[in-house]
Amino acid sequence: KLYAHRFIRSLGDHLLLDSEVLFHRPTDFVAGVTADGKPTSYRYETSPLKPEERNYFKTIACLTNNQVRRFETRSGVVDMLMISLHVLRELMATVEANHKAPFWVAAMRCVQSLGPASTQSDFSEYETYFQYARHNHPRTMSISNERVSSNTLHGWLFGRG
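Please read all numbers here as calculations on a predicted model, not as lab measurements.

Packing of helix α3 (residues 85-99) against helix α5 (residues 125-136) leaves a shortest axis separation of 10 Å and a crossing angle of 100 degrees. By the angle between their axes, α3 is roughly perpendicular relative to α5. Here V87, L88, E90, L91 and T94 of α3 come into contact with α5, specifically with T128, Y129, Y132, A133 and N136. The residue inventory of the contact of α3 with α5, partitioned by class, reads six nonpolar, three polar and one charged.

Here Q131 lies in helix α5. At a separation of 2.7 Å, a polar atom in the side chain of Q131 contacts the side chain of E127. Sequence-distant contacts of Q131, that is, excluding residues within four places in its chain, are made with F57, I60, V68, R69, R70, F71 and R74.

Looking now at the nonpolar core. Y44, L81, L88 and Y129 are the most contacted members of the largest nonpolar core, which totals 32 residues. Among the elements of the structure, β4 (39-45), α2 (54-63), β7 (80-83), α3, α4 (103-112) and α5 are those that each provide at least two residues to this core. The dominant element in this core, judged by the number of residues it contributes, is α3, at six residues.

With that out of the way, let us pick up the state of the cysteines. Cysteine pairs can be covalently joined through their sulfur atoms, and such a bond is termed a disulfide. Taken as a whole and judged by the stated rule, the model has one disulfide. Residue pairing for C62: its cysteine sulfur links by disulfide to C110, the two sulfurs lying 2.2 Å apart. The S-S bond linking C62 to C110 shows a torsion near -75 degrees; that makes this disulfide left-handed. Here C62 is found in helix α2, whereas its partner C110 is found in helix α4, with 48 residues between them in sequence. For C110, a relative accessible area of 0% corresponds to the buried category.

Structurally, E127 can be placed in helix α5. Look at E127 and you get buried, because its relative accessible area is 0%. There is a polar contact of 3.1 Å between the side chain of E127 and the backbone nitrogen of G76. The contacts of E127, once residues within four sequence positions are left out, are Y56, F57, I60, R74, S75, G76 and V77.

Another aspect to go through is a nonpolar patch on the surface. A surface patch of nonpolar side chains, about 220 Å² in accessible area, is lined by L15, L17 and F23. Taking the relative accessible area as the measure of exposure, F23 reaches 33% and is therefore partly exposed.

Remark: the centre distance and the inter-plane angle together describe each pair of aromatic rings, the angle taken between the planes. For the coordinates displayed, the defined rule picks out two aromatic pairs. Seen from their ring centres, F103 and F123 are 6.4 Å apart, and the 65 degrees between their planes marks the pair as edge-to-face. Residue F103 is located in helix α4, and its partner F123 is located in the loop between α4 and α5; the two are separated by 20 residues in the primary sequence.

Generally, phi is negative for residues other than glycine and the peptide bonds are trans, each holding for most cases. Unusually for a residue other than glycine, D79 sits at a positive phi of about 80 degrees. Assessed through its relative accessible area of 16%, D79 is described here as buried. Phi angles above zero are rare outside glycine, and K100 is one such case at about 50 degrees.

Scoring rules and cut-offs
Residues numbered from 1 in each chain as written. Predicted model: local features only at pLDDT ≥ 70, side-chain atom pairs only at ≥ 80, totals over all residues. Heavy atoms only, no water. Axes fitted to C-alpha atoms, helices over the stretch in contact; angles between N-to-C directions. Helix = DSSP H or I, 4+ residues; strand = E, 2+ residues; numbered from the N terminus. Parallel < 35°, antiparallel > 145°, perpendicular 65-115°, else oblique. Contact = heavy atoms within 4.5 Å. Nonpolar A, V, L, I, M, F, W, Y, C, P; charged D, E, K, R; others polar. Polar contact = N/O pair within 3.5 Å; in protein donor to acceptor, adjacent residues only side chain to side chain. Core = buried A, V, L, I, M, F, W, Y, C linked by side-chain atoms within 4.5 Å. Buried < 20%, exposed > 50% of the residue type's maximum accessible area, 1.4 Å probe, protein only. Disulfide = S-S within 2.5 Å. Patch = residues over 30% accessible without salt bridge, like charges linked within 9 Å, V, L, I, M, F, W, Y side chains within 5 Å. Areas by Shrake-Rupley, 256 points an atom, 1.4 Å probe, with all protein chains shown as cover. Salt bridge = Lys/Arg side-chain N within 4 Å of Asp/Glu carboxyl O. Phe/Tyr/Trp six-rings, centres within 6.5 Å; stacked < 30°, edge-to-face > 60°.

Below is the structure:
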């Protein structure tokens, strides 16, 4: 998901969206604009941090050489995420410079470094971008603790749960 801009050359700022999200009403993700109408900030939802997400922050610390800290007790993992292309490019360049390796290789190394503490939830592209942007580009974000923009289909609709 984080590499889409390298393959779709015309891709600018964009929305990452999980496939189970349905919009039931018009949703505006733009929080601020310049005089000529270009977005300066986007709306972000958060959710309570779950215990199984704890290793996300160990991976983020490894990727950023401990330069990015967790934002309170909230998580950026919420089914959708607005991506500012300049923030994403900076994140990837920072990680690649820190690790002298492509972003995906650095992510794999950081996850593997967790060793026995490792779980199925060691890396999240949502959390990594959200925490990096919150730490380094807070003016690009308008953060809400409420789920206001969408509804997510529940697992039972797909025969799960």
